[in-house]
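Structural overview
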Amino acid sequence: MRVLRWLTVVVIPVALAVAGCGSSLQRSAGPSRRAIEAAFHGSPAPLAALHHQANELLGGGVSGFRARMQALRGHPLIVNLWASWCAPCQTEFPLYQKVAVRYGSAVAFLGLDVHDTAGDASAWLKRFPVTYPSYLDPNRAIETSLRTIEGTPQTFFFNAQGREEYDHGGPYTNVRSLERDIRTYLGVRDDRGH
């Protein structure tokens, strides 16, 4: 009985505290509504349509996703594969919250939520809202249609003609490296001229 009481009073609260301290979840880096509106003012119609669907989870499968890619021709496109269960994706997500606003008036961003449940993905997006929609891909059909996949997360860069320029396997760990790849593979500068 003493051991049980000791476990309840000492060990369990300590274990819970340690588990909380070791959490890998990031903080949201989503900008304010005012900052988003200022950044996206005057965006071309196809990009404004993406902004209008900010943070939504879309269906449509491979054909719907491909139709959207076709509609975005004329604009560079970044497709980020993610899932709510993927720890590296969780670390990377705040970077996309920042960069998608910084470049979103010139570059189209799409998420691809792979091998996930709509409920888990929706809960994740409530915590980490982004300024672009994500397509649901529970069976990885869209993911497979893109090409050989290295894992999750993965980021694809398509030029304005729809040709893939680069794919980055694994998470981005800082804004600087993601922005460098946008400049290198898409030739796009941010709203500050960088």
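All chains use their own residue numbering, which begins from 1 and follows the written sequence. Under the rules for a predicted model, residues below a pLDDT of 70 receive no local features and side-chain atom pairs below 80 are neither given nor counted, while totals for whole chains, interfaces and linings still include all residues. Side-chain measures were taken over the full set of non-hydrogen atoms in the model, leaving aside hydrogen atoms and water.

Re the state of the cysteines
Pairs of cysteine sulfur atoms within 2.5 Å are what we label disulfides. Inspection of the entire model under this criterion finds one disulfide. Cys86 shares a disulfide with Cys89; S-S distance 2.4 Å. Looking down the S-S bond of the Cys86 and Cys89 bridge, the torsion is 80°, so its handedness is right-handed.

What about the sheet that holds strand β6 (residues 164-169)?
Strand-to-strand pairing in sheets goes through backbone hydrogen bonds, with the strands running parallel or antiparallel. Two strands pair if DSSP finds at least two bridges between them. Every helix listed is a DSSP run of H or I at least four residues long, and every strand listed is a run of E at least two residues long, numbered separately from the N terminus. Strand order in the open sheet formed by six strands is β1-β4-β3-β2-β5-β6, and the pairing between neighbours is mixed. Pairing within the sheet leaves two strands with one partner each, and these edge strands are β1 (57-58) and β6. As paired strands, strand β2 (residues 77-82) and strand β3 (residues 108-114) are joined by six bridges and run parallel to one another. Paired with Val79 across the bridge in β3 is Leu110. Note on definitions: a residue-residue contact is assigned when non-hydrogen atoms from the two residues lie within 4.5 Å. In this description, a line fitted to the C-alpha atoms serves as the axis of each element, helices being fitted only across the stretch in contact, and the angle between N-to-C directions of two axes falls anywhere from 0 to 180 degrees. Together, β2, β3 and β5 (154-158) form the strand contacts of helix α5 (residues 87-103), whose direction differs from that of β2 by roughly 160°.

Looking at the environment of Arg27
Following the sequence through the fold, Arg27 ends up in the loop between α1 (2-21) and α2 (33-40). Throughout this description, buried means an accessible area under 20% of the type-specific maximum (1.4 Å probe, protein chains only), exposed means over 50%, and partly exposed covers the range between. For Arg27, a relative accessible area of 75% puts it in the exposed group. Not counting residues within four places of it along the chain, the set of residues in contact with Arg27 comprises Pro94 and Phe128.

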